[in-house]
Amino acid sequence: MGELRILFIGPAGAGKGTQCAKLSEEFGLEHISTGDLIRAEIKSGSELGQKVQSIVEAGNLVSDDIVNEIVKNKLDRTKRFVLDGYPRTKEQAEFLNSVTNLHYIFSLEVNKENLVERLSGRRLCTGTKKPGCKGMFHIAFNPPKVEGICDLCGSELYQRKDDNPETIEKRINSYESETGKPLKDFYGNGDKGEFISIEADEAPGMVYEAITSKLKAVSK
Ligand code: AMP
């Protein structure tokens, strides 16, 4: 299998996690989500986790040095990956650019009302019965068969602490200035990988088709 390095950018609730999980399965890519890696640190109670917990729960960004270090360890080991939620600042993008080059950058565009609706109803698998389970549901759009229980592995579902109305509002409002604009300025002209903007208000299956249609010629 050849090298394939993909990046997804887009605000919280744009569907990055959902699309990256499907893509990583179909194309055999490592799914690197800094949000997941950071939540795992918090859950483990590590020194790093304790240091960043309040920042994450308040919906603020963790410092560039910390996330760059976390990602570097992962990137050193893989040539086929999809990055989800990293980079989130110009400094992180510059760091990433200094350690590897990308083939595709997908920018997911979703209107604000949809983002709020998606995040408020989101429920995730705790993974108690199957560590690492990526089960993700929505109380209205994609409810689990049994309320509060993951369809995939039977573990309990939970709501992220930062998926509450005030924090959702804050994350979405700070996104454009902190992340959206700096990253579009950095990647938008296409000289650091093909930049592809995707209208992502539709259901996940349709968005996935729009993404994979751009990857037709790419080896799985
Ligand atoms: P996510 O799961 O991508 O929504 O990330 C959850 C939280 O983890 C964010 O709100 C930040 O507090 C932190 N985080 C994840 N990725 C990054 C990043 N690249 N830079 C800074 N903070 C991050």
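Peer 1: I keep staring at the sheet that holds strand β6 (residues 136-138) and nothing clicks. Help me out?
Peer 2: Pairing is antiparallel across the open sheet formed by three strands, whose spatial order is β6-β5-β7. The strands lining the two open edges of the sheet, one partner per strand, are β6 and β7 (157-158). As paired strands, strand β5 (residues 122-125) and β7 are joined by two bridges and run antiparallel to one another. Within β7, the residue paired with C125 across the bridge is L157.

Peer 1: Sorry if this is basic, but what is going on with the site of the ligand here?
Peer 2: Within the structure, the ligand sits among 15 residues, and T34, R39, N60, G85 and Q92 are positioned closest to it. One of the side-chain N or O atoms of R39 is found 2.9 Å from an oxygen atom in the ligand. One nitrogen or oxygen atom from the side chain of R160 is found 3.0 Å from an oxygen atom belonging to the ligand. Summarising the interface, the protein chains cover 96% of the accessible area of the ligand, which totals 480 Å² for the free molecule. In terms of residue count, the dominant contributor to the shell around the ligand is helix α2 (residues 34-44) (four residues). Of the residues belonging to the shell around the ligand, the class tally is six nonpolar, five polar and four charged.

Peer 1: I keep staring at the domain arrangement of the protein and nothing clicks. Help me out?
Peer 2: Frequently, the measure chosen for interface size is the accessible area removed from exposure when the parts meet. What the domain assignment lists for the protein is domain 1 (4-115 + 166-215) and domain 2 (122-158). Here the C-alpha centroids of domain 1 and domain 2 sit 22 Å apart. Of the residues lining the interface, seven residues belong to domain 1; the matching set on domain 2 comes to five residues. Between domain 1 and domain 2, a total of about 380 Å² is buried, with carbon and sulfur atoms accounting for 35% of that surface. Inspection of the region where domain 1 meets domain 2 yields one salt bridge. Ionic pairing is found between K134 and D36, a salt bridge with its closest N-O pair at 3.4 Å. On the surface where domain 1 and domain 2 come into contact, there are two residue pairs in polar contact (both at pLDDT 80 or more). Secondary-structure elements contributing two or more residues to the side of domain 1 that touches domain 2 are α1 (16-27) and α2.

Peer 1: Explain α2 here, please?
Peer 2: Since the α-helix packs 3.6 residues into each turn, any two residues three or four apart lie on the same face. The complete set of buried residues in α2 reads T34, I38 and I42. The arc that holds every buried residue of α2, seen down its axis, measures 75°, which confines them to one face. Pointing more than 90 degrees away from the buried face of α2 are the exposed residues K43 and S44. Turning to α2, the residues buried within the fold contact β2 (30-33), α3 (47-57), α4 (64-75) and β3 (80-84). Where α2 ends, the next residue or the one after it, G45, has phi of about 75°, a positive value.

Peer 1: Can you walk me through unusual backbone geometry in this structure?
Peer 2: Among all residues except glycine, the phi angle is most often negative; among peptide bonds, the trans geometry is most common. Backbone torsion omega between Y86 and P87 reads 0°, so that peptide bond is classified as cis. Relative to the helices and strands, P87 resides in the loop between β3 and α5 (90-99).

Peer 1: Help me understand the pattern of salt bridges, please; the structure alone is not making it clear to me.
Peer 2: Side-chain pairs of opposite charge can arise whenever the charged atoms involved come near each other. Enumeration over the complete set of coordinates arrives at 16 salt bridges. R5 is the salt-bridge partner of E3, the closest N and O atoms lying 2.9 Å from each other. Owing to a relative accessible area of 6%, R5 belongs among the buried residues under this scheme. Between K181 and D185 there is a salt bridge whose closest N-O contact spans 2.8 Å. Within this pair, K181 and its partner D185 are both found in helix α7 (residues 165-187), separated by four residues, close to a single helical turn. Taken together, the shared-partner salt bridges in this structure form one network comprising R122, R160, D162, D163 and R171.

Peer 1: What should I look at first to understand the packing of aromatic side chains in this one?
Peer 2: Pairs of aromatic rings are described using the distance from one ring centre to the other and the angle between the two planes. Within the structure shown, the criterion is met by three aromatic pairs. Between the aromatic rings of Y104 and F106, the centroid separation amounts to 6.2 Å while the plane-to-plane angle is 15°, which identifies the pairing as stacked. Looking at F106, the relative accessible area reads 0%, which means it is buried. Taken together, F8, Y104 and F106 form an aromatic cluster joined through their ring pairs. Above the plane of the ring of Y208 lies K22, whose end atom (NZ or CZ) is 4.5 Å from the centre.

Thresholds applied
- Residues numbered from 1 in each chain as written.
- Predicted model: local features only at pLDDT ≥ 70, side-chain atom pairs only at ≥ 80, totals over all residues.
- Heavy atoms only, no water.
- Pairing = 2+ DSSP bridges.
- Helix = DSSP H or I, 4+ residues; strand = E, 2+ residues; numbered from the N terminus.
- Near = heavy atom within 4 Å.
- Polar contact = N/O pair within 3.5 Å; in protein donor to acceptor, adjacent residues only side chain to side chain.
- Areas by Shrake-Rupley, 256 points an atom, 1.4 Å probe, with all protein chains shown as cover.
- Nonpolar A, V, L, I, M, F, W, Y, C, P; charged D, E, K, R; others polar.
- Domains from an automatic or database assignment.
- Contact = heavy atoms within 4.5 Å.
- Buried area = accessible area lost by both parts, 1.4 Å probe.
- Salt bridge = Lys/Arg side-chain N within 4 Å of Asp/Glu carboxyl O.
- Buried < 20%, exposed > 50% of the residue type's maximum accessible area, 1.4 Å probe, protein only.
- Arc of directions from axis to C-beta.
- Phe/Tyr/Trp six-rings, centres within 6.5 Å; stacked < 30°, edge-to-face > 60°.
- Lys NZ or Arg CZ within 6 Å of the ring centre and 35° of its normal.

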